[in-house]
Amino acid sequence: MPQSGRLPWPVRLGYGAGDYGLVLTFQLAGLFLLFFMTEALGIPPLAAGVIVLAGLVFDGVTDIGMGVLADRLRGRVGGYRPWLLFGAPLLAGATALMFSAPPLEGPALVAAVLAAQFLFRAAFTIVAIPFGALSSAMTPDSRERSLLVGIRLTFASLAALSVALGVPAAVEAFGAGDPRRGFFWAAALVGLVAMIFVWIAYASAREARPGTIPAAPDYRIVDLPGMAARNGPFLQVAIGGMLYATAQGLILGGAPYFFSYVRGEPETLGLSLGVMIGGVAVFVPVWTVIARRIGKRASWIVGAAWSAVALVGLAFLIEAPLPLFLAGMAATAFGFAAINLIGFAMLPDTVEYAEWRYGVRVEAALFAALTLAQKVGVGLAAALSGLFLSLAGHTAATPMAGAGANLFGMALFLAPAALLAVSIIAIWRYPLSTKLHARLVRALAWRRGRRHRP
């Protein structure tokens, strides 16, 4: 690997392809799990939302443990890559199981669904945490890491687009009128494709030579809250990320209900989600260029403000003609692309900040802490969606209509707009500019050189 930290394009693209596989499974759950539980299994909306929240909190907590484990075993088993090889088949099987319909009712059904979700979340953690930590372990160069994130998020957006457009068609084709059967086989197909793409990342990614990036110190899991609490830039990114994840999760998780019961156009779900998710895929490369010019902090602020304004407009366009509504979705996607890119691009910089200020470098564990914040946000979105559905009087037997449906539609856009506004406050004083981070990297290189001099 070159001393400059630049990576060959096959390595960049192969690593980024892993996010296609991971996001296929995560977006399948994010877009359709709540809908599957309420409409196919008949679980009450509020209970279904709490189930998703519980699963994501469990996921986030296991992320922390996995981050510690991955950091400690990094030198013993050859890095983060082996987790991708052995975890991918487990993730594929757990994805299909999560969308199975056990022959149970009442509390037994809820317990079975919750257990299946816990298994999926654990399998996802086993793969996702080491995969995310690779971005810091592959190169010490901040700009190269930003490029890696841009490539990853392009693949991630394409995966989300594949789920939005492909899963409804697959459910219809496999189920032939039976949503339980349709969702199971669609999920099985998603799991298989995800496994293949994670293996592509395993085969492509390479970690930096020993000594280029120092190994994480031996630390205890109980030390992590203190490490995170002392890392001000990390806290800002984590809070902003949680708020954004809640906003995005509300829109995506509520979309199947919105287009089915508010607009009364279920056939437009795939198209509308495709516009938003496809817009993110298109705009992420644009924001990669913009962020190089104005910096990460300014990109987040501009993107969040843009999307917040677009969402307020959408709240008053819930019954507008479809082309106008789709234009509002595309405008929202433009701002979302900025935050999708910037959130994880900021994380590796906070790793160097902690090493420079406190002499502690933990990659996988900080990545795990950030994903915990984001997954709590997604879980809160599911719980809020369930609450909004309950307030609107929605059940599988008595779908929402009239004033209740209109209020649900407005809440689906106004609540995320407010969350994005708060995220701007959280990130406003983020201190790590590109120039300051470059100085930190040079200072760390000098410090490491002094330690290794005879």
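Conventions we followed
- Residues numbered from 1 in each chain as written.
- Predicted model: local features only at pLDDT ≥ 70, side-chain atom pairs only at ≥ 80, totals over all residues.
- Heavy atoms only, no water.
- Helix = DSSP H or I, 4+ residues; strand = E, 2+ residues; numbered from the N terminus.
- Buried < 20%, exposed > 50% of the residue type's maximum accessible area, 1.4 Å probe, protein only.
- Contact = heavy atoms within 4.5 Å.
- Areas by Shrake-Rupley, 256 points an atom, 1.4 Å probe, with all protein chains shown as cover.
- Axes fitted to C-alpha atoms, helices over the stretch in contact; angles between N-to-C directions.
- Parallel < 35°, antiparallel > 145°, perpendicular 65-115°, else oblique.
- Left-handed = near helix turned anticlockwise from the far one by under 90°.
- Phe/Tyr/Trp six-rings, centres within 6.5 Å; stacked < 30°, edge-to-face > 60°.
- Salt bridge = Lys/Arg side-chain N within 4 Å of Asp/Glu carboxyl O.
- Expected span 1.5 Å × (residues − 1).
- Bend = angle between axes of the 7 residues up to and from the residue.
- Patch = residues over 30% accessible without salt bridge, like charges linked within 9 Å, V, L, I, M, F, W, Y side chains within 5 Å.
- pLDDT = per-residue confidence, 0-100.

As for the overall build of the protein
So, step 1. Scanning the protein from terminus to terminus reveals 14 helices and zero strands.
So, step 2. The order of α-helices and β-strands along the protein, N terminus first, is α-α-α-α-α-α-α-α-α-α-α-α-α-α.
So, step 3. Evaluated residue by residue, the protein yields a buried proportion of 57% over its 454 residues.
So, step 4. Counting only contacts in the protein whose residues sit at least 6 apart along the sequence, the fraction spanning at least 24 positions is 85%.
So, step 5. Carbon and sulfur atoms form 70% of the exposed surface of the protein, whose accessible area is close to 17600 Å².

Considering the packing of helix α1 (residues 9-40) against helix α4 (residues 106-138)
So, step 1. For the pair α1 and α4, the least separation of the axes is 11 Å and the interaxial angle reads 155 degrees. Taken together, the axes of α1 and α4 lie roughly antiparallel to each other. Taken as a pair, α1 and α4 cross one another with a handedness that is left-handed. The residues of α4 that touch α1, namely those facing V11, Y15, G18, D19, L22, T25, F26, A29, L33 and M37, are V113, Q117, F120, R121, F124, V127, A128, F131, G132, L134, S135 and M138.

Remarks on the packing of aromatic side chains
So, step 1. Applying the stated rule across the entire model yields 20 aromatic pairs.
So, step 2. Taking 4.6 Å as the distance between ring centres and 45 degrees as the angle between the ring planes, the aromatic pair formed by Y20 and F197 counts as tilted. With a gap of 177 residues between them, Y20 in helix α1 and F197 in helix α6 (residues 179-204) connect regions that are remote in the sequence.
So, step 3. For Y20, a relative accessible area of 15% translates into the label buried.
So, step 4. Overall, the relative accessible area of 23% leaves F197 in the partly exposed class.
So, step 5. Between F58 and F118, the aromatic rings sit 4.4 Å apart at their centres with planes inclined by 25 degrees, giving stacked as the arrangement.

Some details on the pattern of salt bridges
So, step 1. What the rule picks out here adds up to three salt bridges.
So, step 2. Among the salt bridges present, the one from R152 reaches D19, with a minimum N-O distance of 3.3 Å. With R152 in helix α5 (residues 142-175) and D19 in helix α1, the pair connects residues that are 133 residues apart, well separated along the chain.
So, step 3. For D19, a relative accessible area of 5% translates into the label buried.

So, the side chain of T246
So, step 1. Its location among the elements puts T246 in helix α8 (residues 232-262).
So, step 2. For T246, a relative accessible area of 6% puts it in the buried group.
So, step 3. T246 has contacts with G377, V378, L380, A381, L384 and L419, leaving out every residue within four places of it along the chain.

Focus: the packing of helix α3 (residues 81-98) against α4
So, step 1. At a minimum axis distance of 8 Å, the contact between α3 and α4 shows a crossing angle of 150 degrees. One element, α3, and the other, α4, form an angle in the roughly antiparallel class. Relative to α4, α3 is oriented so that their crossing is left-handed. Residues R81, W83, L84, G87, A88, L90, L91, A94, T95, L97 and M98 of α3 lie in contact with α4, whose contacting residues are A116, Q117, L119, F120, A123, F124, I126, V127, P130, F131 and L134.

Details of the environment of L324
So, step 1. Secondary-structure assignment places L324 in helix α11 (residues 322-358).
So, step 2. Given the relative accessible area of 45%, L324 is considered partly exposed.

As for α3
So, step 1. Counted at 1.5 Å a residue, the expected span for α3 with its 18 residues is 26 Å, and the 26 Å between its end C-alpha atoms agrees.
So, step 2. At G87, α3 shows its maximal kink, close to 40 degrees; a proline, P89, follows between one and four residues later.
So, step 3. Regarding α3, the residues found buried are R81, P82, W83, L84, G87, A88, L91, A92, A94, T95, A96 and M98.

Considerations on the side chain of S272
So, step 1. On the secondary structure map, S272 appears in helix α9 (residues 269-294).
So, step 2. Residues in contact with S272, not counting those within four places in the same chain, are F259, L322, L326 and M329.

Overview of a nonpolar patch on the surface
So, step 1. On the surface, F174, W185, L189, L192, I196 and I200 cluster together to form a nonpolar patch covering roughly 530 Å² of accessible area.
So, step 2. At five residues, α6 tops the list of elements feeding residues into the nonpolar patch.
So, step 3. Looking at I200, the relative accessible area reads 34%, which means it is partly exposed.

Points about α9
So, step 1. If you check α9, its first and last C-alpha atoms are 35 Å apart, about what 26 residues at 1.5 Å a residue would give, namely 38 Å.
So, step 2. At F283, α9 shows its maximal bend, which comes to roughly 35 degrees, and the proline P285 appears one to four places after that position.
So, step 3. Positive phi appears at G295, one or two residues downstream of α9, with a value of about 95 degrees.

What about the confidence of the model for the protein?
Regions with low pLDDT should not have their predicted coordinates read in detail.
So, step 1. Mean pLDDT for the protein: 85, with 85% of residues reaching 70 or above.
So, step 2. By mean pLDDT, the top-scoring element of the protein is α6 (95), and the lowest-scoring one is helix α14 (residues 434-451) (66).

Details of unusual backbone geometry
So, step 1. Backbone geometry places A176, a non-glycine residue, at a positive phi of 50 degrees.
So, step 2. Mapped onto the secondary structure, A176 falls in the loop between α5 and α6.

Quick look at the environment of A92
So, step 1. Within the secondary structure, A92 sits in helix α3.
So, step 2. Here the alpha-carbon distance between A92 and V190, two residues 98 residues apart in the chain, equals 7.7 Å.
So, step 3. Every residue in contact with A92, bar those within four places of it in the chain, is listed here: G191, L192 and M195.

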